[in-house]
Amino acid sequence: MSEREGEVSHHSLLGLDLGHRGPEPLPILRRRMLLAGVVLLVLAAALTAVVAGDSSAVQGIDDRFRGLMVSLHWPPLVAAAEGLSIAFGTYVTWPLRVVVTLVIALRRHWLALGAWVSTVLLSELAIGPVKALVDRPRPPGAEVLTSGASYPSGHAIASAITAIGIVMALTSGRKRLHWMVGAVLIAASVAVSRTYLSAHWLSDVVGGSLVGAGLALAVPEAFEVVRDRRSAGGERVSPLDRPGGEPGGGEGRPAA
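Residues numbered from 1 in each chain as written. Predicted model: local features only at pLDDT ≥ 70, side-chain atom pairs only at ≥ 80, totals over all residues. Heavy atoms only, no water.

Visitor: Any details on the overall build of the protein? Residues and values, ideally.
Guide: Check the secondary structure of the protein and you find 9 helices and 0 strands. Seen in sequence order, the protein has helices and strands lined up from the N terminus as α-α-α-α-α-α-α-α-α. Buried positions account for 43% of the 256 residues belonging to the protein. Per element, the accessible surface of the protein, about 13,100 Å² overall, is 69% carbon and sulfur. (Helix = DSSP H or I, 4+ residues; strand = E, 2+ residues; numbered from the N terminus. Buried < 20%, exposed > 50% of the residue type's maximum accessible area, 1.4 Å probe, protein only. Areas by Shrake-Rupley, 256 points an atom, 1.4 Å probe, with all protein chains shown as cover.)

Pasting the structure below:
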């Protein structure tokens, strides 16, 4: 295989090339991110249906995982898990979200602002009704103060929405993917910490993470895809769809 053929093959394996040189155009990457978000939401809906219908289908796995977490208890890790619970509680995440909203508004990235606010609102509107629908008891022996039903984990939703949502709102282009790795690790750490503290079952945090990550990906990308299609169709794009209301938007606009 020649050097050029090897390079093309390498790009194809990474999913960055579909028969042409160079990385995928941003509109294609946006659609892929949108699809990924929708898939996560479908998986969340399926898991919710299982837990709401017959939680015994997942209770065995939940019990074994909780036993593992309890067996791994170590005071410094317990303290770290408690710190994560505080850091992604409402008293911290909401002020942080307000700051992010102000930053986006000051940058005049109106499309990103609409997507960010919609993502946060949809996540908050989803938590209460789903908890009421499933009404699942929490694990015994929680090491932190808890309230309300167990499924889905509000902390898992909030951490995914906040960490991944901030990346989607404040970064652009392919550099977004690098920041996304850190955001996913943060959200996963918060989710695991809730099971470590016996505040949630494993399926609670899996369901919450799927909801949070799905919304954090799907909503912003849906905004972007609609804007792309309107622009491609020759429709006049509103200044609300461009950063700073500048004609043409340019490379500085938030993109997947």
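Visitor: Account for the packing of helix H7 (residues 154-170) against helix H8 (residues 175-196), with residues named and values stated.
Guide: Relative orientation and spacing of two packed helices are given, respectively, by the angle between their axes and the distance between those axes. Close contact between H7 and H8 brings their axes to 9 Å; oriented N to C, the two are set at 170 degrees. In terms of axis orientation, H7 runs roughly antiparallel to H8. Within the contact between the two elements, H7 uses His-155, Ala-156, Ser-159, Ala-160, Ala-163, Ile-164, Val-167 and Met-168 and H8 uses Arg-176, Trp-179, Met-180, Ala-183, Val-184, Ile-186, Ala-187, Val-190, Ala-191 and Arg-194. Here the contact of H7 with H8 is composed, by residue class, of 14 nonpolar, 2 polar and 2 charged. (Axes fitted to C-alpha atoms, helices over the stretch in contact; angles between N-to-C directions. Parallel < 35°, antiparallel > 145°, perpendicular 65-115°, else oblique. Contact = heavy atoms within 4.5 Å. Nonpolar A, V, L, I, M, F, W, Y, C, P; charged D, E, K, R; others polar.)

Visitor: Before we move on, could you go through the pattern of salt bridges and cite the residues and values that matter?
Guide: Any two side chains of opposite charge can pair, given that their charged atoms come close. With the rule as written, the count across this model stands at 6 salt bridges. The partner of Glu-221 in a salt bridge is Arg-176, and the shortest N-O contact between them spans 3.4 Å. With a gap of 45 residues between them, Glu-221 in helix H9 (residues 202-232) and Arg-176 in helix H8 connect regions that are remote in the sequence. Accessibility assignment for this pair places Glu-221 and Arg-176 in one class, buried. Salt-bridge contacts for Arg-227 lead to Glu-224; the nearest nitrogen and oxygen are separated by 2.2 Å. Placement of the pair is Arg-227 and Glu-224 together in helix H9, with a separation of 3 residues, close to one helical turn. In this pair, the class of Arg-227 matches that of Glu-224, namely buried. (Salt bridge = Lys/Arg side-chain N within 4 Å of Asp/Glu carboxyl O.)

Visitor: Let's hear about the packing of helix H5 (residues 90-107) against helix H6 (residues 110-134): which residues, and what values?
Guide: Two numbers describe how H5 lies on H6: the axes approach to 8 Å, and their chain directions differ by 160 degrees. Between H5 and H6, the crossing angle belongs to the class labelled roughly antiparallel. Crossing hand, H5 versus H6: left-handed. In this structure, H5 contributes Trp-94, Arg-97, Val-100, Thr-101, Ile-104 and Ala-105 to the contact, and H6 contributes Trp-110, Ala-112, Leu-113, Trp-116, Val-117, Val-120 and Glu-124. Partitioning the contact of H5 with H6 into residue classes produces 10 nonpolar, 1 polar and 2 charged. (Left-handed = near helix turned anticlockwise from the far one by under 90°.)

Visitor: Go over helix H3 (residues 56-71), please, and point to the residues and values.
Guide: Residues separated by three or four positions in an α-helix point in the same direction, a consequence of the helix having 3.6 residues per turn. With 16 residues, H3 extends 23 Å from end C-alpha to end C-alpha; this agrees with the ideal 22 Å at 1.5 Å per step. Turning to H3, its buried residues number three or more, namely Val-58, Gln-59, Asp-62 and Met-69. For H3, the buried positions fall inside an angular range of 110 degrees around the axis, keeping them on one side. Looking at H3, the residues exposed on the side facing more than 90 degrees away from the buried face are Arg-64 and Ser-71. (Expected span 1.5 Å × (residues − 1). Arc of directions from axis to C-beta.)

Visitor: Explain the side chain of Arg-138 to me, and be specific about the residues and the numbers.
Guide: Along the polypeptide, Arg-138 turns up in the loop between H6 and H7. Asp-204 provides the closest opposite charge to the buried, unpaired Arg-138, separated from it by 6.3 Å. Here Ser-147 takes part through its backbone oxygen, which lies 2.8 Å from a polar atom of the side chain of Arg-138. Engagement of the side chain of Arg-138 in a polar contact is seen with the backbone oxygen of Gly-148, the distance being 3.1 Å. Setting aside residues no more than four positions away along its own chain, Arg-138 makes contact with Lys-131, Thr-146, Ser-147, Gly-148, Ala-149, Ser-150, Arg-194, Ala-199, His-200 and Trp-201. (Lys, Arg positive; Asp, Glu negative; His and termini not counted. Polar contact = N/O pair within 3.5 Å; in protein donor to acceptor, adjacent residues only side chain to side chain.)

Geometry only, nothing functional implied.
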